[in-house]
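The residues making up each chain are set out below.
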Amino acid sequence: MEKCIGILTAGGDSPGLNAAIRALGKAADYKYDMHVIGIKDGFRGLMENRLMRLPASELSNILTHGGTILGTSRDKPHRMPVGNKIMDMTDVMVDACIQHHIDCLVCIGGGGTHKNAYRLMQKGLNVVTIPKTIDNDISMTDCTIGFDTALNIATEAIDRLHSTAHSHHRIIVVEIMGHNAGWLTLGAGVAAGADAILIPEIPYDINQVAKAINKRRKEGKHFSIVAVAEGAVAKEEADGLKELLKLKEEAKKKKEIKAAEEKVNKIRAKHVDHTLKIAKQLEKLTALESRVTILGYLQRGGSPSPADRLLATKLGTACAKLIEKGQYGYMVAAKGDGTEPVPLEKVVGKRKTVNTDHPWILSAKDLGTCFGD
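Keep in mind that what you see is a predicted model, and the values were worked out from it rather than measured.

**Q** Can you explain the sheet that holds strand β11 (residues 290-294)? Please cite residues and give values.
**A** The sheet built from four strands is open, its strands ordered β9-β10-β8-β11 with parallel pairing. A single partner strand is all that each edge strand has here, and the edge strands are β9 (196-198) and β11. Strand-to-strand, the axes of this sheet are offset by a mean angle of 15 degrees, without reference to chain direction. Along the sheet face, helix α6 (residues 183-191) touches β8 (171-176), β9 and β10 (224-229) and points at about 175 degrees away from the line of β9. Along the sheet, helix α7 (residues 206-218) contacts β8, β9 and β10; its crossing angle with β10, the most-contacted strand, is approximately 160 degrees.

Okay, here's the thing in structure tokens:
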């Protein structure tokens, strides 16, 4: 009897999701004679039985499309809003897979999606995951689907901002996505020649950034580009946030998560509009006019880059091969030119962040780039 694969995409959208769906679906159909069911809108669609057949013939012409043909959501199986209640719906989802004769559920997503897939695996479901996120922060894989496209978009944006910064003798502060990892900001900042790069892994001192900008002025350079990660934190905020996150982890063990989350959210609320605050601080400290550009969801949109299409195709076909062999409970990781199955328990709850001695940082510092430290 041929195997049946269920596919869902969850979390934020990323360029390359459709390329991964296409690769998995076509390889499963053409090479391994397995049939594929698409699940709409992530884990919520699985709970609500919103499924559709995905024959290989219907997967043509989606390779270059952004977004996901299946739709997505951020709902969590164990904390699903149902009516006016938050309920654990993991058993309902397992039952849905049994009802539809799904032999393996493939979850394509970021860190949260991997945690949710692991929860379903612990309930007895066969799962395999594929890593996607523009943040590039999933552990145990060289790269994630969507990162390269977002990196290209952010780099091009900074390239374009150079001309207006130079013409008007301004500081241009560019906010770049990436959650609590600095890969996207660091890569785009170095590639586009930003003068200062502020990432979560290196808490910044705004006075050091202003000092670097003033030094440039003395050298006759009357403009500066500052690339800021959305998760960047000032030195005075970093210790407090670390302490609260530690308390939150301890609270999870004691099942007192709600109170801890409220404390963390209060700290994070102060972080809202932090890029605008940075711009105002630099204006005051340097006497240079500043402007802010927040790239936002622009970085997640549009057609995937060739590198992301290749990565998605490689991971999707490797995923089909794993399922054909009956190897479940793995994430399909990118390793060098190939792929490698990594047990899900080694991936969940970990985040790949930038080491402060990363070659990109060391090279940028050799060029005089300021990191605010």
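**Q** Describe the nonpolar core, and please don't skip the residues or the numbers.
**A** Within the largest apolar cluster, 32 residues are counted, with the highest numbers of intra-cluster contacts made by Ile5, Val106, Ile108, Cys319 and Ile323. Of all elements in the fold, only β1 (4-9), α1 (17-31), β6 (104-109), β7 (127-131), α11 (306-325) and β12 (330-335) reach the threshold of two or more residues within this core. A total of eight residues in this core trace back to one element, the largest contributor, which is α11. By size, the runner-up hydrophobic cluster in this structure holds 31 residues, among which are Ile134, Val174, Ala192 and Leu295.

**Q** Summarise the side chain of asparagine 136; cite the residues concerned and give the values.
**A** Relative to the elements of secondary structure, asparagine 136 occurs in the loop between β7 and α5 (147-168). Ignoring sequence-local partners within four residues, the contact set of asparagine 136 consists of Asp142, Cys143, Thr144, Phe147, Trp183 and Lys352.

**Q** Kindly report on the layout of surface pockets, identifying the contributing residues and their values.
**A** Reported here for the second largest pocket is a volume of approximately 430 Å³. If you go around the second largest pocket, you meet 20 residues; those closest to its centre are Asp195, Leu367, Gly368, Thr369 and Cys370. Every element with two or more residues in the lining of the second largest pocket is listed here: α6 and α7. Tallied by class, residues from the lining of the second largest pocket come to seven nonpolar, six polar and seven charged.

**Q** Which residues make up the packing of α6 against helix α12 (residues 359-366), and what values go with them?
**A** Taken N-terminus to C-terminus, the directions of α6 and α12 make an angle of 40 degrees; their axes are 10 Å apart at the nearest point. Comparing their axes, α12 and α6 come out oblique. Crossing geometry of α6 relative to α12 is assigned as left-handed. Each of Trp183, Leu186, Gly187 and Val190 in α6 lies in contact with α12, whose residues at this interface are Trp360, Ile361 and Ala364. Across the contact of α6 with α12, the residue classes tally to six nonpolar, one polar and no charged.

Parameters at a glance
Residues numbered from 1 in each chain as written. Predicted model: local features only at pLDDT ≥ 70, side-chain atom pairs only at ≥ 80, totals over all residues. Heavy atoms only, no water. Pairing = 2+ DSSP bridges. Helix = DSSP H or I, 4+ residues; strand = E, 2+ residues; numbered from the N terminus. Axes fitted to C-alpha atoms, helices over the stretch in contact; angles between N-to-C directions. Contact = heavy atoms within 4.5 Å. Core = buried A, V, L, I, M, F, W, Y, C linked by side-chain atoms within 4.5 Å. Buried < 20%, exposed > 50% of the residue type's maximum accessible area, 1.4 Å probe, protein only. 1 Å grid on protein atoms, 1.4 Å probe; cavity = no way out; pocket = protein on both sides within 12 Å on 5 of 7 lines; lining within 4 Å. Points joined across faces, edges and corners; volume = space filled by probe spheres on them. Nonpolar A, V, L, I, M, F, W, Y, C, P; charged D, E, K, R; others polar. Parallel < 35°, antiparallel > 145°, perpendicular 65-115°, else oblique. Left-handed = near helix turned anticlockwise from the far one by under 90°.

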